[in-house]
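# Observations on chain architecture
These are the residues of each chain, in order.
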Amino acid sequence: MNPLGTDLGIYIHIPFCDHKCIYCDFYSIISYENTEMYHKNLLREIELRSKSLFGRKVKSIYFGGGTPSFMSPEYIGAIINKITKHFDLDKEAEITLETNPGTVDKSKLIEFRKRGINRISIGIQSFDKDELKFLTRIHDSEQAVNTVLQCAEAGFDNISIDLIFNLPGQNSAKWRKNLEIAVKLPVKHISAYSLILEKGTILNKMVIDGKVKMQEEDIDAGLFEETMDFLGNAGFPMYEISNYAVPGFECRHNQGYWDYNDYIGFGTSAHSFVFPRRSWNYSALTFYNLHSENKDLPESGFELIEKEQMSDEYIMLALRSRGLYTHTYSKLTGRNFIEEQKKFLIKLKDSGYLTINGDLIKLTPRGCLLADEIIGKLV
Ligand code: SF4
């Protein structure tokens, strides 16, 4: 049993996409032929896993992908109904659907809302035409803005958008334009990620072949600092290293991951953590379908998290988000964080990199700029 509580988050992976974006390393399939079979198998997996988690309260559901909004509202509704039947779904649960501009219209959004979706996360990435072209997104800037407006017209008041910065050749002025457009839209949450070069992506190959040059680390750090300042001043304070929200609209589902709560992931490549066991599903659709049809769990592996790993993971997750609670650290590991790290913590506090208030240890904005380095020394 998780010493931090029994609440669960549920993640549903919908792997289907229109095409493969150059930077993407998520498991996605460029075909819609198997959606019906996949949907059936998702329902099976929910039923199967619920047997060992009977009565657990579900605080959030997150449909991620891929492009979940390609699924019909009926399919999404049936998944929510299945979860309601087999788990204790909180009446106030946050239920998010990821979408991409150009894949939904107002009437489809209304249907999603009717079926229980109450939060929309839109993969916009940029409002600049050249940047969108470089990222091989299928939408243009106008479609991006229209999708946000249509979400609002459909009745969603909890709208999040994703943006990517530090694109090759991007300077402060160009990035700021993206942020200026974003904060004028009816959104409550902005995720701003630095472009990361992931192995196996088309972008990685382009960099190896010398066709694209990534920006230097100091440019990345400068754009990150600018994001923190600009969004903070516009009413979107940072609450995790890549996430900014109007207070009260922080993503509860992701907060569950960062707070080291239990979660279950359904679908291809989805991960689950039910203390102290972490497991992951098959990525390949064929294997996933095969196991689900045989009424086996479609798991391809698992590990039991030892105290040492738990300690490292909690330090990293907590310091990147709302801060590390020493009593939570003790509950998880049976150890005393302050005693273990006293000298280094005092040094960081005196240098203005973190604050210590009661049992909460939190990085300052200055500390966030060096988060990886600080966390690296603490774990
Ligand atoms: S739409 Fe999203 S999930 Fe699909 S390929 Fe592009 S980045 Fe990846």
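Residues numbered from 1 in each chain as written. Predicted model: local features only at pLDDT ≥ 70, side-chain atom pairs only at ≥ 80, totals over all residues. Heavy atoms only, no water.

## Notes on the overall build of the protein chain
Scanning the protein chain from terminus to terminus reveals 15 helices and 15 strands. Computed over the C-alpha atoms, the radius of gyration of the protein chain is 21 Å, within 12% of the 21 Å expected from 2.2 N^0.38 for a compact globule of 379 residues. Counting every position in the protein chain, which comprises 379 residues, the buried fraction comes to 51%. Restricting to contacts in the protein chain with at least 6 residues of sequence separation, those with at least 24 account for 69%. The distance from the centre of the 45 positive side-chain charges to the centre of the 51 negative ones in the protein chain is 3 Å. (Helix = DSSP H or I, 4+ residues; strand = E, 2+ residues; numbered from the N terminus. Rg over C-alpha atoms; globule rule 2.2 N^0.38 Å. Buried < 20%, exposed > 50% of the residue type's maximum accessible area, 1.4 Å probe, protein only. Contact = heavy atoms within 4.5 Å. Lys, Arg positive; Asp, Glu negative; His and termini not counted. Charge placed at Lys NZ, Arg CZ, Asp CG, Glu CD.)

## A few points about the nonpolar core
Counting residues in each nonpolar core, the largest one holds 91 residues, and the members touching the most others are Ile12, Phe63, Phe87, Ile117 and Ile161. Counting only domains with at least three residues in this core, you end up with domain 1 (8–258) and domain 2 (307–378). Among residues more than four places away in sequence, those in contact with isoleucine 12 are Leu42, Ile46, Ile61, Tyr62, Phe63, Gly64, Ile79, Ile83 and Phe266. (Core = buried A, V, L, I, M, F, W, Y, C linked by side-chain atoms within 4.5 Å. Domains from an automatic or database assignment.)

## Thoughts on the site of the ligand
What surrounds the ligand is the set Cys17, His19, Lys20, Cys21, Tyr23, Cys24, Gly65, Gly66, Thr67, Asn100 and Arg137. By residue class, the composition of the shell around the ligand is four nonpolar, five polar and two charged. (Near = heavy atom within 4 Å. Nonpolar A, V, L, I, M, F, W, Y, C, P; charged D, E, K, R; others polar.)

## Observations regarding the state of the cysteines
One pass over the structure, following the stated rule, counts zero disulfides. Free cysteine: cysteine 368, not disulfide-bonded; nearest cysteine sulfur from cysteine 251 at 18 Å. (Disulfide = S-S within 2.5 Å.)

## Focus on the layout of surface pockets
A volume near 320 Å³ is recorded for the second largest pocket. Along the walls of the second largest pocket sit 21 residues, with Lys59, Arg252, His253, Gln255 and Gly256 positioned nearest its centre. Counting only elements with at least two residues in the lining of the second largest pocket, the list comes to β1 (8–14), β2 (57–65), α9 (252–258) and β9 (262–266). A per-element tally of the lining of the second largest pocket places α9 first, with five residues. (1 Å grid on protein atoms, 1.4 Å probe; cavity = no way out; pocket = protein on both sides within 12 Å on 5 of 7 lines; lining within 4 Å. Points joined across faces, edges and corners; volume = space filled by probe spheres on them.)

## Comments concerning the domain arrangement of the protein chain
For interface size, the figure often reported is the accessible area lost on association. The domains assigned to the protein chain are domain 1 (8–258) and domain 2 (307–378). Once you take the C-alpha centre of each, domain 1 and domain 2 turn out to be 28 Å apart. Listed by partner, the interface residues are twelve residues for domain 1 and ten residues for domain 2. Of the roughly 920 Å² buried between domain 1 and domain 2 on both sides combined, carbon and sulfur atoms contribute 64%. Of all residues in domain 1, the largest losses of buried area upon contact with domain 2 belong to Ile241, Gln255 and Trp258, amounting jointly to 51% of the total for that side. For the interface between domain 1 and domain 2, the tally reads one salt bridge. (Buried area = accessible area lost by both parts, 1.4 Å probe. Salt bridge = Lys/Arg side-chain N within 4 Å of Asp/Glu carboxyl O.)

## Section: helix α3 (residues 106–114)
Along α3, the residues that are buried comprise Lys108, Leu109 and Phe112. Projected down its long axis, α3 carries its buried residues within an arc of 100°, all on one side. (Arc of directions from axis to C-beta.)

## Some words on the sheet that holds strand β13 (residues 324–325)
Ordered by their spatial adjacency, three strands build an open sheet running β13-β15-β14, and the pairing between neighbours is antiparallel. Each having just a single partner strand, β13 and β14 (354–357) make up the two edges of the open sheet. Inspection of the sheet shows β13 paired to strand β15 (residues 360–363) by two bridges, in the antiparallel sense. In the sheet register, leucine 324 faces β15, and the bridge partner there is isoleucine 361. Helix α13 (residues 337–350) contacts β13, β14 and β15 of the sheet and is inclined by roughly 130° relative to β14. (Pairing = 2+ DSSP bridges. Axes fitted to C-alpha atoms, helices over the stretch in contact; angles between N-to-C directions.)

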